[in-house]
Amino acid sequence: STYQKHGSEDNCDDGTGGDWSMDVYEIVCTPDFCPNPFGSWSNLDTSIHSSVGNFDIGAEISITCATTYANQGDSTVTCTDLGTFQGQPDCRKIDHCPNPFGSWSNLDTSIHSSVGNFDIGAEISITCATTYANHGDSTVTCTDMGTFQGQPDCRKIDHCVFPDVSWSNLDSSDSGNVDIGEI
């Protein structure tokens, strides 16, 4: 059985061996487990959650949404002694990427200052701020996972590179890199 009985039917009214006044008893049903809730919650990763049976009282479950969905609700749920789960996941379809420019540094803010979200598939060309050069991806694309594929890497320019050409009036020892402001 999934329930346990607590209490007794044998209660005497005064405890002195007198007559039984009535059948006074209490049956409290306490579940032994919480049934698998994943059929009632939508857009979960079924490869993780579908094969699980019942859950013990006190069990805590981490929620994983299906691909292209993000959880806007509780990230964990707990099986309570009432046989129900406390917490509510809310896996919603990802339809955009949040503006990434606050997390990437040294971008040209006059170009990349738009606020708001980017549609799935949006491609953004990266421009670094003045005196910075991009050593990463020159474009990033909003994926159906709600993240950008590609990573810019704007680094401070701290030296100039001489071009590989013959210049007159240069000493042959003046080749390679020169720190900015050195000449």
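Heads up: these notes are all about the structure in this document. Note that the coordinates shown come from a computational prediction; the quantities given were computed from them, not determined experimentally.

Alternating residues of strand E7 (residues 76–79) divide into Val77 and Cys79, all buried, and Thr76 and Thr78, none buried. Both strand E5 (residues 60–62) and E7 contribute to a ladder of three bridges, which runs antiparallel. If you follow Ser62 over to E7, its bridge partner there is Thr76. Hairpin connection from E7 to strand E8 (residues 85–86): five residues lie between these consecutive antiparallel strands, with Gly83 at a positive phi of about 80 degrees.

Below, the discussion takes up the sheet that holds strand E14 (residues 139–142). Across the sheet, three strands lie side by side as E12-E14-E15; this open sheet has antiparallel pairing. Edge positions in the sheet fall to strand E12 (123–125) and strand E15 (148–149), since each has one partner strand and no second. Here E12 runs beside E14; their pairing, made up of three bridges, is antiparallel. From the neighbouring strand, Ser125 faces E14, where its bridge partner is Thr139.

On to the pairing of E14. Of the two faces of E14, the one holding Val140 and Cys142 is buried and the one holding Thr139 and Thr141 is not buried anywhere. Note: E14 against E15, two bridges, orientation antiparallel. Considered in E15, the bridge of Thr141 is made with Gln149. Connecting the antiparallel pair E14 and E15 is a turn made up of five residues, with Gly146 showing a positive phi of about 80 degrees.

Take the side chain of Thr143 next. Checked against the element boundaries, Thr143 lands in the loop between E14 and E15. Overall, Thr143 belongs to the buried group, its relative accessible area being 19%. What Thr143 contacts, discounting residues up to four positions off in sequence, is Cys97, Ile120 and Gln149.

Across all of its chains, the model carries two salt bridges by this definition. For Asp90, the salt bridge goes to Arg92, with nearest N and O atoms at 2.8 Å. Judged by its relative accessible area of 27%, Asp90 is partly exposed. You can call Arg92 partly exposed: its relative accessible area is 48%. The residue Asp153 makes a salt bridge to Arg155 at a minimum N-O spacing of 2.8 Å. Owing to a relative accessible area of 43%, Arg155 belongs among the partly exposed residues under this scheme.

So, how was this worked out
Along each chain, numbering runs from 1 in the same order as the chain's sequence is written. The predicted origin of the model limits local features to residues at a pLDDT of at least 70 and limits the giving and counting of side-chain atom pairs to 80 or more, whereas totals for whole chains, interfaces and linings rest on all residues. Side-chain figures throughout are based on the complete set of non-hydrogen atoms in the structure, without hydrogens or water. Summary of the burial criterion: residues with accessible area below 20% of their type's maximum are buried, those above 50% are exposed, and those between are partly exposed, where the area comes from a 1.4 Å probe applied to protein chains only. Under the scheme used here, helices are H or I runs from DSSP no shorter than 4 residues and strands are E runs no shorter than 2 residues, and both carry numbers assigned from the N terminus. Being paired, for any two strands, means DSSP has found at least two bridges between them. What makes two residues a contact is simply this: any of their non-hydrogen atoms within 4.5 Å. Here a salt bridge means any side-chain nitrogen of Lys or Arg lying within 4 Å of a carboxyl oxygen belonging to Asp or Glu.

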